[in-house]
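Examining the three-dimensional arrangement
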Amino acid sequence: MKNKELKILLSAPRGFCAGVERAIEIVEKSILKYGAPVYVRHEIVHNKFVVDDLKSKGAVFVEELEEIEDKTRPVIFSAHGVPKKVPEDAKNYNMTYVDATCPLVSKVHREAENLHRAGYHLILIGHQNHPEVIGTMGQLPKGSIDLIQNEDDAKKYNTKNRKISYVTQTTLSVDDTSDIIKILKDRFPSIKEPAKEDICYATTNRQMAVKSIAKECDLFFVIGSRNSSNSVRLVEVAKKSGCSNSQLIHSQSEIPFDLIENSNTIGISSGASAPEILVDNFINELKNRFTVSIDEVEIIKENVVFKVPKKLN
């Protein structure tokens, strides 16, 4: 069985981004500082392995502050960001809270507020019910920001507002988003765009890296969770870039050895919330069955680091 030769093209950069590393570090340092339990509102990042690891260290995950019985314990807000009402509620409960919102998401929040203050009606390009979208829309008064999810929404969108502007979720497909923006610009030539791209560096880099190797692969695997927007987008990017047989490997996935058996070259990447150990484990499973050669294809070096809040140091 093992004599089947398999070439792996390992996409780089992949895996943890600076915002995810910072969020995990915030939970770990909070447990060290305040002791267990420390509460976390929503999954700190969308990855079961990471969440389970933090649970074992003393983190308790809740969806809403009301679920926390002991309000004397600290609460951490997830990397995806929260509506304005959440820190206000925490203050009303006299709770200690630490905000682990990714700085690049916070940038979009500030941008939205500034545009609103300047009299613009906002459009948010993103996915309904994703926590990041809920958080961004929750920065502004109801009715002052509209969600557009796809090209159809962009074609149908109507507004009486003269001054409109748009912001985007940070983890979208770069190509799909540019198609939506093109429709909006054609329909509303005076629409104001962000001074700097909202889709984050890590999302962009991981998508570019996948694009660069997908067409050479018979199969493409993205290690990540089903509720991880950036991981799901990577699968879509691989498919659109020439590897139609691309799939997500999540915590419940069975590895499709039968498909791999019929492949010569497979691509591997991982979402920004997936730890590298999951990639290593996946590759080790392949090594047990095949004669594997690995070629890591790095398109850009990442050196972004976000500091944790001073009160945790």
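Check the entry above for the structure.
To keep things clear, this report deals only with the structure shown in the data block. (Residues numbered from 1 in each chain as written. Predicted model: local features only at pLDDT ≥ 70, side-chain atom pairs only at ≥ 80, totals over all residues. Heavy atoms only, no water.)

1. Considering the overall build of the protein
For the protein, the helix and strand inventory stands at 11 helices and 12 strands. Here the C-alpha atoms of the protein give a radius of gyration of 21 Å, agreeing with the 20 Å that 2.2 N^0.38 yields for 313 residues. Seen along its three principal axes, the alpha-carbon backbone of the protein occupies a region of about 65 × 55 × 30 Å. Per-residue burial for the protein yields a buried fraction of 53% across its 313 residues. At a minimum sequence separation of 6, the contacts of the protein that also span at least 24 residues come to 77%. In the form shown here, the protein has an accessible surface area of approximately 14900 Å², with 49% of it arising from carbon and sulfur atoms. (Helix = DSSP H or I, 4+ residues; strand = E, 2+ residues; numbered from the N terminus. Rg over C-alpha atoms; globule rule 2.2 N^0.38 Å. Buried < 20%, exposed > 50% of the residue type's maximum accessible area, 1.4 Å probe, protein only. Contact = heavy atoms within 4.5 Å. Areas by Shrake-Rupley, 256 points an atom, 1.4 Å probe, with all protein chains shown as cover.)

2. Looking at the packing of helix 1 (residues 18-34) against helix 2 (residues 48-57)
In the contact formed by helix 1 and helix 2, the axes pass within 10 Å of each other and the chain directions differ by 10°. In this view, helix 1 runs roughly parallel relative to helix 2, as classed from their interaxial angle. Judged by residue contacts, Ile 24, Val 27, Glu 28 and Ile 31 of helix 1 engage Val 50, Asp 53, Leu 54 and Lys 57 from helix 2. Taken together, the residues that form the contact of helix 1 with helix 2 break down as five nonpolar, no polar and three charged. (Axes fitted to C-alpha atoms, helices over the stretch in contact; angles between N-to-C directions. Parallel < 35°, antiparallel > 145°, perpendicular 65-115°, else oblique. Nonpolar A, V, L, I, M, F, W, Y, C, P; charged D, E, K, R; others polar.)

3. Describing the pairing of strand 3 (residues 59-62)
Looking at chain direction, strand 2 (residues 38-41) and strand 3 are connected through four bridges and run parallel. What sits directly across from Tyr 39, in strand 3, is Val 60. Regarding topology, helix 2 serves as the crossover connection from strand 2 to the parallel strand 3, and that connection is right-handed. (Pairing = 2+ DSSP bridges. Right-handed = clockwise from strand over helix to strand, strands pointing away.)

4. Here we look at the pairing of strand 8 (residues 164-168)
Counting buried positions over the five residues of strand 8 gives five, a clear majority of the element. Across five bridges, the pairing between strand 6 (residues 121-125) and strand 8 is parallel. Bridge pairing in strand 8 places Leu 124 opposite Val 167.

5. Description of helix 8 (residues 201-214)
Side chains that are three or four residues apart share a direction in an α-helix, a result of its 3.6 residues per turn. Here helix 8 spans 20 Å end to end across 14 residues, near enough to the 20 Å set by a 1.5 Å rise per residue. Buried positions along helix 8 lie against strand 1 (5-12), helix 7 (174-187), strand 9 (219-223), helix 9 (229-240), strand 11 (265-270) and strand 12 (291-298). (Expected span 1.5 Å × (residues − 1).)

6. Some details on the environment of Ala 202
If you trace the backbone, Ala 202 turns up in helix 8. Overall, the relative accessible area of 0% leaves Ala 202 in the buried class. Considering only alpha carbons, one finds Ala 202 and Tyr 39, 163 residues apart in sequence, at a separation of 27 Å. Ignoring anything within four residues of it in the chain, the contact list for Ala 202 reads Cys 17 and Glu 302.

7. Observations regarding the sheet that holds strand 7 (residues 145-148)
In a beta sheet, neighbouring strands pair by backbone hydrogen bonds and run either parallel or antiparallel. In space, the three strands of this open sheet follow the order 7-6-8, with parallel pairing throughout. One side of each edge strand has no neighbouring strand; the edge strands of this open sheet are strand 7 and strand 8. Each adjacent strand pair in this sheet contributes to an overall mean axis angle of 30°, direction not counted. Packing against the sheet, helix 4 (residues 103-117) makes contact with strand 6 and strand 8, and its axis sits at approximately 170° to strand 8. With respect to the sheet, helix 7 is in contact with strand 6, strand 7 and strand 8, its orientation differing from that of strand 6 by roughly 150°.

8. Section: helix 3 (residues 85-92)
Listing the buried residues of helix 3 in full gives Val 86, Pro 87, Asp 89 and Ala 90. Down the axis of helix 3, the buried set is contained in an arc of 155°. They therefore lie on one face. For helix 3, exposure combined with an orientation more than 90 degrees from the buried face picks out Lys 85, Lys 91 and Asn 92. Check the buried side of helix 3 and you find it contacts strand 2, strand 4 (75-77) and strand 5 (97-99). Positive backbone phi, approximately 60°, marks Asn 94, located one or two places after helix 3. (Arc of directions from axis to C-beta.)

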